[in-house]
Amino acid sequence: MHTIELPRVDLSVKPEVTGFYDPQTATISYVVKDPESDHCAIIDPVLDYDAAAGRTHTDSADRLVEHVRGQGLKVDWIIETHAHADHLSAAPYIKERLGGKIAIGRPITTVQKVFGKVFNDPRALAGKAEEFDHLFTDGEEYRIGSMRAFALHTPGHTPACMTHVIGDAAFVGDTIFMPDVGTARADFPGGDARTLYRSIRRILSLPEETRIFVCHDYPPKGRAPAWETTVGEQRRKNIHVRDGISEEDFVKMRTARDATLSLPKLIIPSIQVNIHAGRFPEPEDNGVRYLKVPINVL
Ligand SMILES: [Fe+2]
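Residues numbered from 1 in each chain as written. Predicted model: local features only at pLDDT ≥ 70, side-chain atom pairs only at ≥ 80, totals over all residues. Heavy atoms only, no water.

Asks: When you look at the sheet that holds strand 11 (residues 147-153) in this model, what are you seeing that I'm missing?
Replies: Sheet strands line up and pair through hydrogen bonds in the backbone, either parallel or antiparallel. What the 6 strands build is an open sheet, ordered 10-11-12-13-14-15; its pairing is mixed. Only two strands of the sheet have a single neighbouring strand rather than two, namely strand 10 (141-144) and strand 15 (228-230). Neighbour to neighbour, the strand axes of the sheet diverge by 30° on average, direction disregarded. (Pairing = 2+ DSSP bridges. Helix = DSSP H or I, 4+ residues; strand = E, 2+ residues; numbered from the N terminus. Axes fitted to C-alpha atoms, helices over the stretch in contact; angles between N-to-C directions.)

Below is the structure:
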């Protein structure tokens, strides 16, 4: 796998990155602005969801909208690093207000098929991912204003995970977390610890100075949430995958650790919405949209 030659990282291009931390789900959403123009991308926007009431809120998404409007930015892309299992995506809400193309990795079609079975969802089983405006392939180059960016397929947590390298910044989704937290779990349907290790080594083969922006932070007691690190720092300090930790050791550690984790609280609502680019099922004849709960499946 991964034999293609990657585009070169251009460390001279330094996007202006603003992170928005959601304490409910420990997710960081990003606005990534081209320093040479008013163009930007939004990465992993969160739709707040009160599971007990079945009610959505847009406080988190509105912070992004206000930031973009306040600075007069033009949104080229709304990028999902993967189909999240811990929060619902606000991509459609953001697109309606700010424009931009909703994009995810092409293997989302595989994720759709896996969860299409779980949710008995014919649209997902068809695996066409038609609700997305664009599906990135490994190594694909694209632009945000004047900046060159590329997608890097980094599966393991899920089959469709992509890291996005924009100038000197890499948005790594759920692969590595901050050095003192380690790595993402690899036990969801379609996940794999060995694949995750190889994807992470791929990220850590980027230049040492490359800035890394993580998708979640679960800080140890006493540390405030943080989301920016570098390839060099990860190679020296990451508690799960710093240089010198072998694939076998990682797989053993990751597998043992995953066996102790309970499922994310919002996995059932999140996945069935996020595999459709954040769109809820069509309303039933009473005008209400419903989500499904598969019993004794996950
Ligand atoms: Fe995730």
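Back to the text.
Asks: What should I look at first to understand the coordination of the iron ion in this one?
Replies: Ideal geometry at a metal centre: 109.5 degrees between donors when four sit tetrahedrally, and 90 or 180 degrees when six sit octahedrally. At the metal site, the iron ion is ligated by His-82 (NE2), His-157 (NE2) and Asp-174 (OD), and these contacts range over 2.1 to 2.4 Å. Considered as a linear motif, the donors of the iron ion on their single chain read H-x74-H-x16-D. Here the residue His-82 occupies a position in the loop between strand 6 (74-79) and strand 7 (88-89), and Asp-174 occupies one in the loop between strand 13 (169-171) and helix 5 (193-203), the gap between them amounting to 92 residues. (Donors = N, O, S within 2.8 Å, 3.2 Å for Na, K, Ca; no water.)

Asks: So what exactly am I meant to see when it comes to the packing of helix 1 (residues 59-70) against helix 2 (residues 91-98) here?
Replies: Pairs of packed helices are described in terms of their axes, by the angle between the two and the distance that separates them. At a minimum axis distance of 10 Å, the contact between helix 1 and helix 2 shows a crossing angle of 25°. If you check the angle between helix 1 and helix 2, you find them roughly parallel. Both helix 1 and helix 2 take part in a crossing whose hand is right-handed. On helix 2, the residues that touch Ala-61, Asp-62, Leu-64, Val-65, Val-68 and Arg-69 of helix 1 are Tyr-93, Ile-94, Arg-97 and Leu-98. Split by residue class, the contact of helix 1 with helix 2 holds 7 nonpolar, no polar and 3 charged. (Parallel < 35°, antiparallel > 145°, perpendicular 65-115°, else oblique. Left-handed = near helix turned anticlockwise from the far one by under 90°. Contact = heavy atoms within 4.5 Å. Nonpolar A, V, L, I, M, F, W, Y, C, P; charged D, E, K, R; others polar.)

Asks: How should the packing of aromatic side chains be read in this particular structure?
Replies: For any pair of aromatic rings, geometry is given as the distance between the ring centres together with the angle between the planes. Within the structure shown, the criterion is met by 10 aromatic pairs. Relative to Tyr-218, the ring of Phe-177 has its centre 5.6 Å away and its plane inclined at 80°; by these criteria the two rings are edge-to-face. Of this pair, Phe-177 sits in the loop between strand 13 and helix 5 while Tyr-218 sits in the loop between strand 14 (211-213) and strand 15, and the two are 41 residues apart along the sequence. The exposure class of Phe-177 is buried, given its relative accessible area of 6%. Residue class for Tyr-218 comes out partly exposed when judged on its relative accessible area of 41%. Grouping aromatic residues by their ring pairs yields a cluster made of Tyr-30, Phe-171 and Phe-213. Against the face of Trp-77 rests Lys-101, its NZ or CZ located 4.6 Å from the ring centre. (Phe/Tyr/Trp six-rings, centres within 6.5 Å; stacked < 30°, edge-to-face > 60°. Buried < 20%, exposed > 50% of the residue type's maximum accessible area, 1.4 Å probe, protein only. Lys NZ or Arg CZ within 6 Å of the ring centre and 35° of its normal.)

Asks: Looking at this model, I keep getting lost on the packing of helix 5 against helix 7 (residues 247-258). Mind explaining?
Replies: Closest axis-to-axis distance for the helix 5/helix 7 pair is 9 Å, and the angle between their directions is 125°. When the interaxial angle is binned, helix 5 and helix 7 end up oblique. Where helix 5 crosses over helix 7, the two elements pack in a sense that is right-handed. Facing Ala-193, Arg-194, Leu-196, Tyr-197 and Arg-198 of helix 5, the residues of helix 7 in contact are Glu-247, Glu-248, Phe-250, Val-251, Arg-254 and Thr-255. Taken together, the residues of the contact of helix 5 with helix 7 break down into 5 nonpolar, 1 polar and 5 charged.

Asks: I would appreciate a short explanation of empty space enclosed by the protein in the present structure.
Replies: The method is simple in principle: a probe with the dimensions of a water molecule rolls over the atoms, and the space it marks as empty is what remains. The final tally for this structure, using the stated rule, is 3 cavities of 30 Å³ or more. Approximately 60 Å³ is the volume found for the largest cavity. Contributing to the lining of the largest cavity are Ala-83, Ala-85, Val-111, Phe-115, Thr-158, Pro-159, Phe-188, Pro-189 and Ile-271. (1 Å grid on protein atoms, 1.4 Å probe; cavity = no way out; pocket = protein on both sides within 12 Å on 5 of 7 lines; lining within 4 Å. Points joined across faces, edges and corners; volume = space filled by probe spheres on them.)

Asks: I'm lost on the state of the cysteines in this one. Help?
Replies: Covalent bonding between the sulfur atoms of two cysteines is what defines a disulfide. Scanning the entire structure with this criterion turns up 0 disulfides. Not engaged in a disulfide, the cysteine Cys-161 finds its nearest cysteine sulfur in Cys-215; these two sulfurs lie 8.9 Å apart. Note on Cys-161: relative accessible area 2%, which makes it buried. (Disulfide = S-S within 2.5 Å.)

So far we have only geometry, and geometry alone does not tell us how the molecule works.
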